[in-house]
Amino acid sequence: MAKFDIIAATGCPTGIAHTFMAKEALEKAAAERGLTIKVETHGQVGVENELTKSEIAGAKAVVVAADKDVQAERFAGKPMVSVGVSKALSVEAAGKLIDRALAAKGDDTVAAAADVEDEVEEKESIGHIIYKHLMNGVSHMLVFVVAGGVLTAVSFLWGITSFDSTASDYNSFAAMLKIIGGIAMNLMVPVLSAYIAESIGKRPALVPGFVAGMIAIQGLPVNAETGMIDAGGAGVGFGFLGGIVGGFLAGYVILLLEKVFAGLPKNLDGLKAIFLYPLFSTAIVGLVMLGISGPMAAINTAMMDFLKGLSASGAVVLGLAIGCMCAFDMGGPVNKAAYVTGTAMLTEALAAGVGTDTYNFGTNFMAAVSAACIVPPLITTFAVVVGKKYFSQEDHDAGVVNLILGCTHITEGAIPFMTKNIWPAMPIMMLGSSIASILTIMFNVHDPAPHGGFLVLPVVENGPLWVLAILIGAVVGGILFVAFKKYDFEKNQKAAPAAKPVEAPKAAAVEAPKAEAADFVKVENVFVAEDFASRDEALSFVSNQAVKAGIACDADAVMNAFLAREAEGTTGMMEGFAIPHAKSDAITEAAVIVVKDESGVTGWDTMDGAPVNVAIALLIPGAQAGTTHLKILSKVAEALMDEDFRATVKGSTDAAEIAKTINARLV
């Protein structure tokens, strides 16, 4: 059975994009460090690449990047870092998590080097714990909403009253679709509640969780004639909000009962699971939920009235709120809050029936939310096509793929673009989404399906106007994004020395293959008999040599780039090797500089604590950060896993032999 240095588990609420983006970032970050890694993903199709007990036991450290329950208790006793999935979406961020996980091995001197903010995150804040439990419920709920909503919407193709056997447009097949869709939608709140509870109290919490969700739907039944509590009476449900409250209540009641029954003999464990937990938890949760039904119903009504009040303030106010929330974090907590609110409004709309005010408001609200989620990836597509020369080839390819993601309501494809330039990319995305939402509301578009993007166009009322609203938002945002990239590109071009003008990202992409040329590491850039007092002295030497060799134009800028990378996580490896790397616009061509110190550079944080004898330094122009950089880095990292390669480079004092050995691995 293969062993891995690092094991990880990733999972986002929808299990569509963030989950696999974090997986890729962690794998690349591990490769940079010469580490082996296995990443288990908790996506919408279930658990993939599942970790075995022996793999968990054999790993040095664990990284959990998830906003849902990934059964982290399996990793008890292992050095571990647990954060939200959004903390692992870039290679740099993922690398930092890996370094922190390795530092958590119990070495107090290493662990103390982590910054205060990271230490707080490592303990997992109360806010993130609550969010993770909530998103576990949301992730299980969404598939019911999507299936039920789309089937209900499809039934309308035969007519808005085609489910009614007394109506002129009645169709039996449409009626069956409406029935199936309605059942799926009605399961939304119980499933939400049950899986919030399950995330907290595990399997025993499912029973009280489901019961709490059902009570949230029906409320406290009261006899209309007597005014007394009556099982045969009718109640006022408190829906989605009640499901959340019930889920947390059920989960923590189970934790309380576990403590209460902890003193029972071990041979009664079976009785606890099958009888005591379900009986007492259901009774306690049920009574509390019924007791708070009145206040909860009032709160739920007030929340819905508030949203309708925003609509009364005008399309601009409501659309701006929806657009900004959806584009703020591209599928993160704020985006999910807007989307889940939309699905809750849609559920009430479909229950109220076509033609009612509730239906019109809920489906219009859902259309605005969907439009806002679709726009950000389409902004990137427009930008990379119209302003191609201002983007790297990697960004261009990602932007083209975003056309498909955007059209199918997957917002997360825009995240890599935003993380590179949060300002002004985030405001641009928020503006584009807001424009689409505002126009959707003004155009009176109604979307009875909660997901699917343009795939559900046949059931969208005023569908062509909806597409128009989305395209206007995408084009306006795209023009602004291109304008920013043009400004940024021209600024970097002016900053470059006249003798070596900065080439467009397209040219940089063409230059990338030079990273694999047989003479990429030049003999004159290999220094075999150096003596450095510290890591910073070694990096300063490399920075100055880069300027002397014409590789860079500003030694201070290169040094700052090296130090910035070290601050994110050490580049010290094992057995005396380090692979420092600098990405900077002050670097005019990709290159590798090798320095050797036989006595060893101390103070360079390495994975085995040994001093560094060989530093293979990578210098990469800013425009090639996502192409040449990763190519060279991955090849050097792979080479360092080869014992013969390490022995040759470390044992040789011949610069030509060292250059030849490294070049052979870059081909």
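Each residue is numbered by its place in its chain's sequence as written, counting from 1. Totals for whole chains, interfaces and linings use every residue, but because this is a predicted model, local features are given only for residues with pLDDT of at least 70 and side-chain atom pairs only at 80 or more, for both listing and counting. To obtain the side-chain values, all non-hydrogen atoms of the structure were used and water was disregarded.

S.K.: What am I meant to see in the overall build of the protein chain here?
M.R.: Helix and strand assignments follow DSSP, with helices taken as H or I runs no shorter than four residues and strands as E runs no shorter than two, numbered in order from the N terminus. Of regular secondary structure, the protein chain possesses 25 helices and 10 strands. Buried means the residue's accessible area, taken with a 1.4 Å probe over protein chains only, is under 20% of the maximum for its type, while exposed means over 50%, and partly exposed covers the values in between. Classification of the 667 residues of the protein chain by burial places 52% in the buried group.

S.K.: What am I meant to see in the environment of Val 143 here?
M.R.: Along the chain, Val 143 turns up in helix 6 (residues 126-155). The partly exposed category is assigned to Val 143, whose relative accessible area is 37%. With 42 residues separating them in the primary sequence, Val 143 and Met 185 have C-alpha atoms 9.7 Å apart.

S.K.: Even after reading the chapter, I still don't get the pattern of salt bridges, so can you show me in this structure?
M.R.: Any two side chains of opposite charge can pair, given that their charged atoms come close. Basic side-chain nitrogens of Lys or Arg form a salt bridge, by our definition, when they fall within 4 Å of a carboxyl oxygen of Asp or Glu. One pass over the full model with this rule turns up 15 salt bridges. We note a salt bridge from Arg 535 to Glu 566, for which the minimum N-O separation is 3.8 Å. Of this pair, Arg 535 sits in helix 21 (residues 535-548) while Glu 566 sits in helix 22 (residues 555-568); the two residues are 31 residues apart in sequence, bridging distant segments of the chain. With a shortest N-O distance of 3.0 Å, Arg 646 and Glu 575 are connected by a salt bridge.

S.K.: In this structure, what is going on with the nonpolar core? I would like to understand it.
M.R.: What tends to happen in soluble globular proteins is that the nonpolar side chains get buried as a cluster. Membership of the largest hydrophobic core comes to 87 residues, with the highest contact counts inside it found for Ile 98, Trp 466, Phe 481, Val 521, Val 594, Ile 616 and Ile 662. In terms of residues, this core owes the most to one element, helix 15 (residues 357-386), which gives eight residues. Two residues form a contact once any of their heavy atoms are found within 4.5 Å. Not counting residues up to four positions away in its chain, the partners in contact with Val 594 are Val 521, Asn 525, Val 526, Phe 527, Val 614, Ala 615, Ile 616, Ile 658 and Ile 662. If you look at the next biggest cluster of nonpolar residues, it comprises 57 residues, including Leu 257, Phe 261, Tyr 277 and Met 296. For the purposes of this section, nonpolar cores are sets of buried Ala, Val, Leu, Ile, Met, Phe, Trp, Tyr and Cys residues that join through side-chain atoms within 4.5 Å.

S.K.: Can you help me understand the side chain of Lys 178 in this one?
M.R.: Mapped onto the secondary structure, Lys 178 falls in helix 7 (residues 172-186). Neither His nor the chain ends contribute to the count of charged residues, in which Lys and Arg are positive and Asp and Glu negative. Although Lys 178 lies buried, it forms no salt bridge, and the closest oppositely charged side chain, Asp 164, sits 10 Å away as judged by the N-O distance. If sequence neighbours within four positions are ignored, Lys 178 has contacts with Thr 152, Ser 155, Phe 156, Phe 163 and Leu 350.

S.K.: What's the story with unusual backbone geometry in this structure? I'm lost.
M.R.: One can expect most non-glycine residues to show negative phi and most peptide bonds to be in trans. In this model, Lys 202 sits at a positive phi of 60°, which is unusual for a non-glycine residue. Relative to the helices and strands, Lys 202 resides in the loop between helix 8 (188-201) and helix 9 (206-218).

S.K.: Would you mind going over the sheet that holds strand 2 (residues 37-43) with me for this structure?
M.R.: Where strands meet in a sheet, backbone hydrogen bonds hold them as pairs that are either parallel or antiparallel. In space, the five strands of this open sheet follow the order 3-2-1-4-5, with mixed pairing throughout. Two strands close off the open sheet at either side, each with one partner strand: strand 3 (46-48) and strand 5 (80-83). Adjacent strand axes in the sheet meet at a mean angle of 10° when their direction is disregarded. Across three bridges, strand 2 lies against strand 3 in antiparallel orientation. Its bridge partner lying in strand 3, His 42 is registered against Val 47. Most of the contacts of helix 3 (residues 91-103) go to strand 4 (residues 61-66), to which it runs at about 135°, and overall it touches strand 1 (6-11), strand 2, strand 4 and strand 5. Strand pairing is defined by DSSP finding a minimum of two bridges between the two strands. Orientation is described by axes fitted as lines to C-alpha atoms, over the contacting stretch for helices, and by angles from 0 to 180 degrees between their N-to-C directions.

S.K.: How do you make sense of the packing of aromatic side chains when you look at a structure like this?
M.R.: Two aromatic rings are characterised by how far apart their centres lie and by the angle between their planes. We call Phe, Tyr and Trp rings a pair once their centres come within 6.5 Å, taking the six-membered ring for Trp, and we label the pair stacked below 30 degrees between planes, edge-to-face above 60, and tilted otherwise. For the structure shown, the criterion picks out 13 aromatic pairs. Arranged with centres 6.5 Å apart and planes meeting at 80°, the rings of Tyr 195 and Phe 210 form a pair that is edge-to-face. With Tyr 195 in helix 8 and Phe 210 in helix 9, this residue pair connects regions lying 15 residues apart in the sequence. For Tyr 195, a relative accessible area of 23% puts it in the partly exposed group. Each member of the aromatic cluster is reached from another via a ring pair, and the members are Phe 391, Phe 417, Phe 481 and Phe 484. Charge-over-ring contacts are defined here by two conditions on Lys NZ or Arg CZ: a distance within 6 Å of the ring centre and an angle within 35 degrees of the ring normal. The residue whose ring lies beneath Lys 178 is Phe 163, and the NZ or CZ to ring-centre distance is 4.8 Å.

S.K.: Would you mind going over the packing of helix 1 (residues 18-32) against helix 3 with me for this structure?
M.R.: A packed helix pair is summarised by two numbers, namely the angle formed by the two axes and the spacing between the axes. One way to put it is that helix 1 packs onto helix 3 with a least axis distance of 8 Å and a crossing angle of 65°. Relative to helix 3, the element helix 1 is oriented roughly perpendicular. The two elements helix 1 and helix 3 meet at a crossing, and its hand is right-handed. Residue-level contacts link Ala 25, Leu 26, Lys 28, Ala 29, Ala 30 and Glu 32 of helix 1 to Val 91, Ala 94, Gly 95 and Ile 98 of helix 3. Under the convention adopted here, Pro, Cys and the residues Ala, Val, Leu, Ile, Met, Phe, Trp and Tyr are nonpolar, Asp, Glu, Lys and Arg are charged, and Gly plus all remaining residues are polar. For the contact of helix 1 with helix 3, the residue count by class is seven nonpolar, one polar and two charged. Oblique is the label for any angle not under 35 degrees, not over 145, and not in the 65 to 115 range, which are roughly parallel, roughly antiparallel and roughly perpendicular in turn. Handedness of each helix crossing follows the sense of rotation of the near helix against the far helix: counterclockwise by less than a right angle gives left-handed, clockwise gives right-handed.

S.K.: For this particular structure, what's the right way to read the environment of Ile 616?
M.R.: Along the chain, the position of Ile 616 falls in strand 10 (residues 612-621). Sequence separation of Ile 616 and Ala 578 is 38 residues, and the distance between their C-alpha atoms is 6.3 Å. Excluding anything up to four places from it in sequence, Ile 616 contacts Ala 578, Ile 579, Pro 580, Val 592, Ile 593, Val 594, Val 636, Phe 645 and Ile 662.

S.K.: How do you make sense of helix 11 (residues 269-291) when you look at a structure like this?
M.R.: The periodicity of an α-helix, 3.6 residues per turn, causes residues three or four positions apart to be oriented the same way. Here the expected span of a helix is defined as 1.5 Å times the quantity of residues minus one. Its 23 residues place the ends of helix 11 31 Å apart at the C-alpha level, agreeing with the 33 Å of an ideal helix rising 1.5 Å per residue. The largest bend along helix 11 reaches roughly 40° and is located at Leu 276, with the proline Pro 278 sitting one to four residues downstream. Note that bend, as reported per residue, equals the angle between axes fitted to the 7 residues terminating at that residue and the 7 residues originating from it.

S.K.: Sorry, what's going on with the pairing of strand 10 here?
M.R.: Each regular strand shows side chains that alternate between the opposite faces of the sheet. With 10 of 10 residues buried, strand 10 is to be regarded as a mostly interior element. The pairing of strand 7 (residues 577-578) with strand 10 spans two bridges and is classified as parallel. Note on strand 10: the bridge partner recorded for Phe 577 is Val 614. The sheet contact formed by strand 8 (residues 581-584) and strand 10 spans four bridges and is parallel. Paired with His 581 across the bridge in strand 10 is Leu 618.

S.K.: I keep staring at the packing of helix 8 against helix 10 (residues 239-260) and nothing clicks. Help me out?
M.R.: Direction vectors running N to C along helix 8 and helix 10 enclose 30°, while the axes themselves pass 7 Å from each other. Classified by the interaxial angle, the pair formed by helix 8 and helix 10 is roughly parallel. The hand of the helix 8/helix 10 crossing is right-handed. Across the contact of helix 8 with helix 10, the residue classes break down as 13 nonpolar, seven polar and one charged.

S.K.: What is the right way to look at the environment of Asp 99 in this model?
M.R.: Topologically, Asp 99 is positioned in helix 3. Each C-alpha atom of the pair Asp 99 and Ala 61 lies 9.5 Å from the other, and the pair is 38 residues apart in sequence. When near neighbours in sequence (up to four residues on either side) are disregarded, Asp 99 contacts Arg 33, Glu 568, Gly 569 and Thr 570. As used in this structure description, the phrase polar contact means that two N or O atoms lie within 3.5 Å; if the pair is within protein, one of them must be able to donate a hydrogen and the other to accept it, and residues adjacent in sequence are counted only when both atoms belong to side chains. Looking at Asp 99, its side chain comes within polar contact range of the side chain of Arg 33, at 2.9 Å.

S.K.: I tried to follow a nonpolar patch on the surface on my own but got confused; where do I start?
M.R.: Nonpolar side chains (Val, Leu, Ile, Met, Phe, Trp, Tyr) within 5 Å and like charges within 9 Å form the patches, drawn only from residues with over 30% relative accessible area and no salt bridge. Areas reported here follow the Shrake-Rupley algorithm with a probe of radius 1.4 Å; residue values treat only the protein chains shown as occluding. On the surface, Leu 271, Ile 274, Phe 275, Leu 279, Phe 280, Ile 284 and Val 288 cluster together to form a nonpolar patch covering roughly 620 Å² of accessible area. As for its placement among the helices and strands, Val 288 is situated in helix 11.

S.K.: Any chance you could explain the state of the cysteines here in plain terms?
M.R.: In protein chemistry, a disulfide is the covalent bond that joins the sulfur atoms of two cysteines. Disulfide: a pair of cysteine sulfur atoms within 2.5 Å of each other. Under the criterion given, the structure shown has zero disulfides. Here Cys 326 is not cross-linked by a disulfide; its sulfur's nearest cysteine counterpart is in Cys 373, at 3.9 Å. A relative accessible area of 0% places Cys 326 in the buried class.

S.K.: Can you help me understand helix 1 in this one?
M.R.: The end-to-end C-alpha distance of helix 1 is 21 Å, a good match for the 21 Å that 15 residues give at a rise of 1.5 Å each. Along helix 1, the residues that are buried comprise His 18, Thr 19, Met 21, Ala 22, Ala 25, Leu 26, Ala 29, Ala 30 and Glu 32. Relative to the axis of helix 1, the buried residues are bounded by an arc of 165° and lie together on one face. Downstream of helix 1 by one or two residues, Gly 34 has phi in the positive range, about 70°. The arc refers to the directions leading from the helix axis to the C-beta atoms.

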